[in-house]
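Breakdown of the fold
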Amino acid sequence: MNTPAKLVTYVAGLAVVFGAALGVGSAVGEVGAPPKATAPSESAGPAGAGHGESTSHGDQNGGQNSATTKPAQAAAQDTPGGLQVSQNGYTLTPLTATIKPGEPTDFAFTVTAPDGRPVTDYQVQHDKKVHFIVVSRDLTTFQHLHPEEGANGVWTVKLTLPEAGVYRAYADIFPTGASALTLGADLFAAGDYAPKALPQVSRTAEVDGYTVTLDGDLTPGKSSKLTLKVSKDGKPVTDLQPYLGAYGHLVALRAGDLAYLHVHPDGEPGDGKTKPGPEITFYAEVPSTGDYRLFLDFQHGGVVRTADFTARAGQAAAPAASPTAAPSASPSASPASDHDSTPHGH
Ligand SMILES: [Cu+2]
């Protein structure tokens, strides 16, 4: 009996303490001072710190914003084409999800405008509204296609992804009322994928019995003149056929991120000065040092062929060309210059 009695007393005691606590709590609540004291003090610490942090963040953000806004804008303007699936409100939207390797597929896509609707009004560039480029991401395969325009801004093209792997598709377009832009999206062909190494730097390409040589150097940040000379069986080809309003089309892609670079042909058929070969001249603008893949489309005998090169932009050419480099050619420098001179030698 003692134990229950003690429990009752204990419970009663707890009740008293609890009641007292309630009383204190309510009293405190009524007074309002402690809660106000604690609440502000609790929140004052974090809030104060928060203000401090947010203020400093704000300042930093403000500073970063003001500091990064201009570079960001400049960067946006300088960002090469093809790296983004959406740019300036225009979005490349593939409508075909899966593509089996080696099987011709009706690939469909739209480009949506900032209002979300498919673009139906395009400016023609080089005879076409849409130039559709597809490369494997290891840059060893290249296709330059021209999709057919369907209803409601849907474009379709017969596309074959030659092997399993990851591909980059580019839509080189000029929506009316906007500016020319190149949107890019990845495509996938399921299966075992073995990426190939980037083809070695070379100034000579062979395709179907044609030899194409590359002259000129890619200089980062500058318009670089490139001259491609086409020959067949050792003889210069002087009757190239116009293809898409030019004697050749050159696409340059940066190794590593597959940036799509602007290349402008120099002259066009019928301008009274541009000859149908054997040389085709372009001006390419590359944004950085590094390796680039160049794909030249040219037409001869009614067939369009593609010659491909790997070219190195930047410092590579400088030491070999520098007068001081030769006398001071050290053992460590010679391998580089040997390596660099190889493509130049051809
Ligand atoms: Cu095209």
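Residues numbered from 1 in each chain as written. Predicted model: local features only at pLDDT ≥ 70, side-chain atom pairs only at ≥ 80, totals over all residues. Heavy atoms only, no water.

An unreviewed UniProt entry lists the chain under the name Secreted protein, from Nonomuraea recticatena.

A few words on the sheet that holds strand 4 (residues 131–136). Reading across from one edge, 5-4-8-9 is the order of the four strands in this open sheet, with antiparallel pairing throughout. Looking at the sheet topology across the chains shown, the edges are occupied by strand 5 (142–145) and strand 9 (181–189). The sheet shows a mean angle of 20 degrees between the axes of neighbouring strands, direction not considered. Summarising the sheet, strand 4 and strand 5 pair through four bridges and their orientation is antiparallel. If you follow Val134 over to strand 5, its bridge partner there is Gln143. (Pairing = 2+ DSSP bridges. Helix = DSSP H or I, 4+ residues; strand = E, 2+ residues; numbered from the N terminus. Axes fitted to C-alpha atoms, helices over the stretch in contact; angles between N-to-C directions.)

Turning next to empty space enclosed by the protein. Inspection of the entire model under this criterion finds two cavities of 30 Å³ or more. Taken as a whole, the second largest cavity holds about 80 Å³ of empty space. Lining the second largest cavity are Ser136, Asp138, Thr140, Thr141, Glu163, Ala164, Gly165, Val166, Tyr167, Tyr193, Ala194 and Lys196. Looking at the lining of the second largest cavity, its residues break down into five nonpolar, four polar and three charged. (1 Å grid on protein atoms, 1.4 Å probe; cavity = no way out; pocket = protein on both sides within 12 Å on 5 of 7 lines; lining within 4 Å. Points joined across faces, edges and corners; volume = space filled by probe spheres on them. Nonpolar A, V, L, I, M, F, W, Y, C, P; charged D, E, K, R; others polar.)

The pLDDT averaged across the chain works out to 78; a share of 68% of its residues lies at or above 70. Contacts from residues 1–75, a stretch scored under 50 in pLDDT, to residues over four places away or in other chains number 30 contacts. In this model residues 316–346 is a low-confidence stretch, pLDDT under 50, and it forms eleven contacts with partners more than four residues away in sequence or in other chains. (pLDDT = per-residue confidence, 0-100. Contact = heavy atoms within 4.5 Å.)

Another aspect to go through is the pairing of strand 4. Of all six residues in strand 4, six are buried, a share of seventy percent or more. Burial of the side chains of strand 4 extends over both faces: His131, Ile133 and Val135 are buried on one face and Phe132, Val134 and Ser136 on the other. Sheet topology places strand 4 next to strand 8 (residues 165–173); six bridges connect them, and they run antiparallel. The residue bridging Ser136 from the neighbouring strand is Tyr167, located in strand 8. Hairpin connection between strand 4 and strand 5: a loop of five residues separates the two successive antiparallel strands, and Leu139 in this loop has a positive phi of roughly 65 degrees. (Buried < 20%, exposed > 50% of the residue type's maximum accessible area, 1.4 Å probe, protein only.)

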